[in-house]
Amino acid sequence: MALVPCQVLRVAILLSYCSILCNYKAIEMPSHQTYGGSWKFLTFIDLVIQAVFFGICVLTDLSSLLTRGSGNQEQERQLKKLISLRDWMLAVLAFPVGVFVVAVFWIIYAYDREMIYPKLLDNFIPGWLNHGMHTTVLPFILIEMRTSHHAYPSRNSGLAAICTFSVGYILWVCWVHHVTGMWVYPFLEHIGPGARIIFFGSTTILMNFLYLLGEVLNSYIWDTQRMPLSWQGMEINFIYMGPSSY
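Because the structure is a prediction, the values reported are computed rather than measured. (Residues numbered from 1 in each chain as written. Predicted model: local features only at pLDDT ≥ 70, side-chain atom pairs only at ≥ 80, totals over all residues. Heavy atoms only, no water.)

Feature annotation in UniProt places "transmembrane region" (unreviewed entry) on residues 42-67, 88-108, 128-147, 159-185 and 197-217, given in this structure's numbering. Annotated as 100% helix and 0% strand, the span residues 42-67 places its first and last C-alpha atoms 37 Å apart. Here residues 128-147 runs as 90% helix and 0% strand, with 26 Å between its end C-alpha atoms. (UniProt positions renumbered as here; feature names shortened; annotations may be inferred. Helix = DSSP H or I, 4+ residues; strand = E, 2+ residues; numbered from the N terminus.)

Another point: the pattern of salt bridges. Inspection of every chain in the model, using the stated rule, returns five salt bridges. Residue Arg 113 is joined to Asp 122 by a salt bridge in which the shortest nitrogen-to-oxygen separation is 3.1 Å. Under the relative-accessibility criterion, Asp 122 is labelled partly exposed at 36%. Salt bridges linked by common partners bring Arg 10, Asp 61 and Glu 144 together as one network. (Salt bridge = Lys/Arg side-chain N within 4 Å of Asp/Glu carboxyl O. Buried < 20%, exposed > 50% of the residue type's maximum accessible area, 1.4 Å probe, protein only.)

Under the defined criterion, the tally for this structure stands at zero disulfides. For Cys 22, which is in no disulfide, the shortest distance to another cysteine sulfur is to Cys 18 and amounts to 6.5 Å. Under the relative-accessibility criterion, Cys 22 is labelled exposed at 53%. (Disulfide = S-S within 2.5 Å.)

The next point concerns a nonpolar patch on the surface. Where nonpolar side chains cluster on the molecular surface, the patch consists of Tyr 35, Trp 175 and Val 179 and spans about 290 Å² of accessible area. As for its placement among the helices and strands, Tyr 35 is situated in the loop between α2 (30-33) and α3 (42-67). Under the relative-accessibility criterion, Tyr 35 is labelled partly exposed at 36%. (Patch = residues over 30% accessible without salt bridge, like charges linked within 9 Å, V, L, I, M, F, W, Y side chains within 5 Å. Areas by Shrake-Rupley, 256 points an atom, 1.4 Å probe, with all protein chains shown as cover.)

To continue, consider the packing of helix α6 (residues 137-147) against helix α8 (residues 193-221). Between α6 and α8, the shortest axis-to-axis distance is 9 Å and the interhelical angle comes to 45°. When the axis of α6 is compared with that of α8, the two are oblique. Classified by chirality, the crossing of α8 by α6 is right-handed. Contact residues: Leu 142, Met 145 and Arg 146 in α6; Gly 214, Leu 217, Asn 218 and Ile 221 in α8. Of the residues contributing to the contact of α6 with α8, the split by class is four nonpolar, two polar and one charged. (Axes fitted to C-alpha atoms, helices over the stretch in contact; angles between N-to-C directions. Parallel < 35°, antiparallel > 145°, perpendicular 65-115°, else oblique. Left-handed = near helix turned anticlockwise from the far one by under 90°. Contact = heavy atoms within 4.5 Å. Nonpolar A, V, L, I, M, F, W, Y, C, P; charged D, E, K, R; others polar.)

Before going further, it helps to examine the confidence of the model for the protein chain. On average, residues of the protein chain carry a pLDDT of 86, and 88% of them reach 70 or more. Considering each helix and strand of the protein chain separately, the mean pLDDT is smallest for helix α9 (residues 229-241), with a value of 37, and largest for helix α7 (residues 155-180), with 96. A low-confidence stretch, residues 227-246 stays under pLDDT 50, and its non-local contacts, those more than four residues away or across chains, total 33 contacts. (pLDDT = per-residue confidence, 0-100.)

On the secondary structure map, His 150 appears in the loop between α6 and α7. Residue His 150 is classed as buried on the basis of its relative accessible area, which comes to 0%. If near-sequence neighbours (up to four positions away) are discounted, His 150 is found in contact with Phe 53, Arg 86, Asp 87, Leu 90, Glu 144, Met 145 and Asn 218.

Between α3 and helix α4 (residues 73-112), whose axes approach to 9 Å, the crossing angle comes to 155°. Between α3 and α4, the interaxial angle falls into the category roughly antiparallel. Of the two possible hands of crossing, α3 and α4 adopt the one that is left-handed. Grouping the constituent residues of the contact of α3 with α4 by class yields 18 nonpolar, eight polar and two charged.

Nonpolar side chains in soluble globular proteins tend to end up buried together. Ranked by internal contacts, the top residues of the largest apolar core, which has 65 residues, are Tyr 17, Leu 42, Val 97, Phe 165 and Tyr 185. Elements with a minimum of two residues in this core: α1 (6-26), α3, α4, α5 (127-134), α6, α7 and α8. With 16 residues, α4 is the single largest residue contributor to this core. Apart from the residues within four sequence positions on either side, Leu 42 is in contact with Val 97, Phe 100, Val 101, Phe 165, Tyr 169, Tyr 185 and Met 207. (Core = buried A, V, L, I, M, F, W, Y, C linked by side-chain atoms within 4.5 Å.)

Now the structure itself:
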């Protein structure tokens, strides 16, 4: 039996993302006034992705509650489409992009924070907001993956979608540099063209790997054949409570 219903958790996570976005947009930083604004940063794009994803999760929960027992086939069809959108967004965007932002940010930060998050930013962004953007994304998405089963799309279509997103963002970063003469991330200023190509290629490969990791993790969590009998019983009760009943 769940201590906190997953529907309540989703609402709480959605509200936390709304709060983080509002506080971040309220900060008057010079970079927000330049070409591309906040949209040139993958961290901000990821926050929007996570907020939209959990918004869809909450909408799915509400729709499921309203259609349960109604017998309206049209409403059930619409609910299935909403569930498909939710599952696709987690698989292709929310999980791989979210994990990428957390992992890459903290790895580079640990090596040399000035390359990714200059100390000057501490004057604008409080510590709790930094963790809201670069840390809590990971546990939030893992909680969602653990409390509800998500049907992944075909591997080819999923990888094609995440590749499209990755290449699209790389082209956007290059366009911002073309227009402004400055790279979005400070460390790109200190490496040569060849190293940038290798870095951009590596990030695309990493995004694909994270998509596959999410697929494997989702399958592992919800493969009851691998669970001990005691866990299987707990899972049946958990599903009956509602988190994975749709």
